[in-house]
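# Fold and contact review
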Amino acid sequence: MANGLLTYVAIPLCTIGPLLALFIPFLWRLVGSSLGWYLRRKTDGRRCHILEVVEADERKYRDSNKGAKGRKEEKEEWETFNNNNNNNNNTEATTGTSDGKVNDNDWDGIVGFFHPFCNAGGGGERVLWAAIRATQKRWPKAKCVVYTGDHDVSKEAILSRVEHRFNIHLHPPTVNFLYLSTRRWVLASTWPYFTLAGQSFGSLIMAWDAFSLLVPDIFVDTMGYAFALGFSRFLFRDVPTAAYVHYPTISTDMLESLDPASAVGTQGVNAGRGTGAKGHAKKIYWQLFARLYSLMGVSVDVVMTNSTWTQAHIEKLWGPVRNLTGAVPGIASKVNPIAVVYPPVAVEELEQEIEVSPESEKRREKVLLYIAQFRPEKNHQLIVQAFAEFLKSGSEAAREAKLVLVGSVRDDYDSKRVYKLRLLVNELHIKDRVEFHLDASWPDILEWLRRASVGVNGMWNEHFGIGVVEYQAAGLISVVHDSGGPKLDIVVEVDGEPTGFHATASEEFAAGFEKALSLPNPYAVRLRARKSAKRFTEEEFARRWIEQLEKCVAMKAVEKPKSRQ
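Before going into details, it helps to say that this report is about the structure given with it. (Residues numbered from 1 in each chain as written. Predicted model: local features only at pLDDT ≥ 70, side-chain atom pairs only at ≥ 80, totals over all residues. Heavy atoms only, no water.)

Further remarks concern the pattern of salt bridges. Where charged atoms from two side chains of opposite charge come close, those side chains can pair. Within the structure shown, the criterion is met by 25 salt bridges. Close ionic contact of Lys487 with Asp482 constitutes a salt bridge, the shortest N to O distance being 3.8 Å. When the shortest N-O distance is used, the salt bridge between Glu540 and Arg544 registers 3.0 Å. Taken together, the residues Glu540 and Arg544, both in helix H20 (residues 538-564) and 4 residues apart, mark about one turn of the helix. Put simply, Glu540, Arg543, Arg544 and Glu547 are held in one network by salt bridges that share partners. (Salt bridge = Lys/Arg side-chain N within 4 Å of Asp/Glu carboxyl O. Helix = DSSP H or I, 4+ residues; strand = E, 2+ residues; numbered from the N terminus.)

Before going further, it helps to spend a moment on the nonpolar core. Among the nonpolar cores identified, the biggest contains 64 residues, and Leu368, Phe387, Phe390, Leu449 and Phe513 are the most heavily contacted of them. In terms of residues, this core owes the most to one element, helix H13 (residues 380-392), which gives 8 residues. If you look at the next biggest cluster of nonpolar residues, it comprises 45 residues, including Phe114, Ala243, Trp286 and Met296. (Core = buried A, V, L, I, M, F, W, Y, C linked by side-chain atoms within 4.5 Å. Buried < 20%, exposed > 50% of the residue type's maximum accessible area, 1.4 Å probe, protein only.)

What you see with strand S11 (residues 454-457) is no split at all: Val454 and Val456 on one side and Gly455 and Asn457 on the other are buried throughout. Note that S11 and strand S12 (residues 477-481) share 4 bridges and pair parallel. Counted as the bridge partner of Val456 is Val479 from S12. (Pairing = 2+ DSSP bridges.)

Counted residue by residue, strand S5 (residues 241-245) has 5 buried out of 5 residues, so it is predominantly covered. Residue alternation in S5 divides its side chains into two sets, Thr241, Ala243 and Val245 and Ala242 and Tyr244, and both sets are buried. Of the pairings in the sheet, the one linking strand S4 (residues 218-221) to S5 comprises 3 bridges and is parallel in character. Bridge pairing in S5 places Asp221 opposite Ala243. Taken together, S4, helix H7 (residues 226-235) and S5 form a β-α-β motif whose crossover is right-handed. As paired strands, S5 and strand S6 (residues 302-305) are joined by 4 bridges and run parallel to one another. Across the sheet, the residue bridging to Ala243 is Val303, located in S6. (Right-handed = clockwise from strand over helix to strand, strands pointing away.)

Attention now goes to the sheet that holds S11. The strand order across the open sheet formed by 6 strands is S10-S9-S8-S11-S12-S13, and the pairing between neighbours is parallel. Because the sheet does not close on itself, it has two edges, and the strands there are strand S10 (434-438) and strand S13 (500-503). Sheet twist, expressed as the mean angle between neighbouring strand axes with direction ignored, is 20°. In this structure, strand S8 (residues 367-371) lies alongside strand S9 (residues 402-407), joined through 5 bridges in parallel fashion. Opposite Leu368, over in S9, you have Leu403 as the bridge partner. Here H13 sits on the sheet and contacts S8, S9, S10, S11 and S12; the angle it forms with S9, its principal contact strand, is near 170°. Helix-sheet contacts for helix H16 (residues 466-473) involve S8, S11 and S12, and the interaxial angle to S12 is about 160°. (Axes fitted to C-alpha atoms, helices over the stretch in contact; angles between N-to-C directions. Contact = heavy atoms within 4.5 Å.)

As structure tokens, then:
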């Protein structure tokens, strides 16, 4: 019996095992390549059509703007941008070098931007449009295709909104939109249970939808759908991929926050929920998902993050896999470290609109301004409680101080949240010292930025904090949560002096309010804050974005000479 088992089971398994280990990866690549070949054949017609449309639109655009002053100024601006960029950053890429780089000035490929909610009008969309503008200016012949689920909006309407909402002017002929029919699969409402896994699976469905419309030369995700990037690598091993990560889908802090005994067990919307049978199951589910998410990192050629905080967490999750030598052939993860590319903020506009001078200092009021959507993670309750403690101190700084909460209300849940905040204000007996301004217009926000003295942010682990940068650009002294982007990147020392204050608990925020309104020379702090904000301009974003995307373009540009050999 023992000899029979050895002869007919153990020996064949020992023989077949190594063969399977070699064959299964080969079969996996074969399936992916076959599907990729099928999608390329299927979408060749649409690719040709898009190229023809771009060429025709380019001719019409030139003819309609012939001799126009605006067109001339635009052309001069683009030429200046290209010249500056080439001289400062791209000498090798534009002239050719001995180390093998090729001339890519005339690169005319298709860059696919995966951004299913491109018409939302938020900070993530500002990144998308600023990235497209920078790409257009660096590679004027390149075509930018946006995969979106906004079926009810035309190209003209989207570009008009971009211009009016963000003051970003794109070159219309080389921007095209392909409309996805599967966006519902990534909505949280579609997955009431196992939401993280469900949305990630949904992103695979949506990615297949996108590639069924067009296979790009470079695939860029600007919304955080890491599994779509992994799917792209599975299908098209010769398509470089890039990711702009606003925040990791799951982070080590999220996992730790489930444990009420951990250092962050009281922070975040899932704080302390890892107890009991249900909590234990949730912890196991998150840990398994984190491992799957980590594997996606190896599929991305170029990774950009919006802050040092995000970079550190992506490094923890993706770094170990990306650094495995030879893990996936053709991936330059060792060459391309995870980079920080700060999102673009309208710093110049705020500098023009809001005066910071000894004269404007006289017009500042004792207003603490918190601009944020009324979402649970923004932690308005913490700020209200801290403000009440600050008023109880009875200090000179607290006299006539006022808290102003400005933010948008998205749905009934936000409305109920505002109602509860109003109840809290009444219970704390500070009703006459707190104002709510819901869905305020941009001119109204600018007016509050002119009047206020202090800018407040209460969110734990804010991934970046565009609103905090806007505080600084407007000359406000910031009191922010001692975590995330506001701590590590924004409210930092300038010339060895502070630009604001950090806090965690309500009493620390109250102390921060006291310090901010008691400074002997607040004008000097405002100037430092404004100087700090200059690190986050649209121009600086464009420079860093191009620096990273050039790596993808170089990968594609090298293919052409190779294919002719």
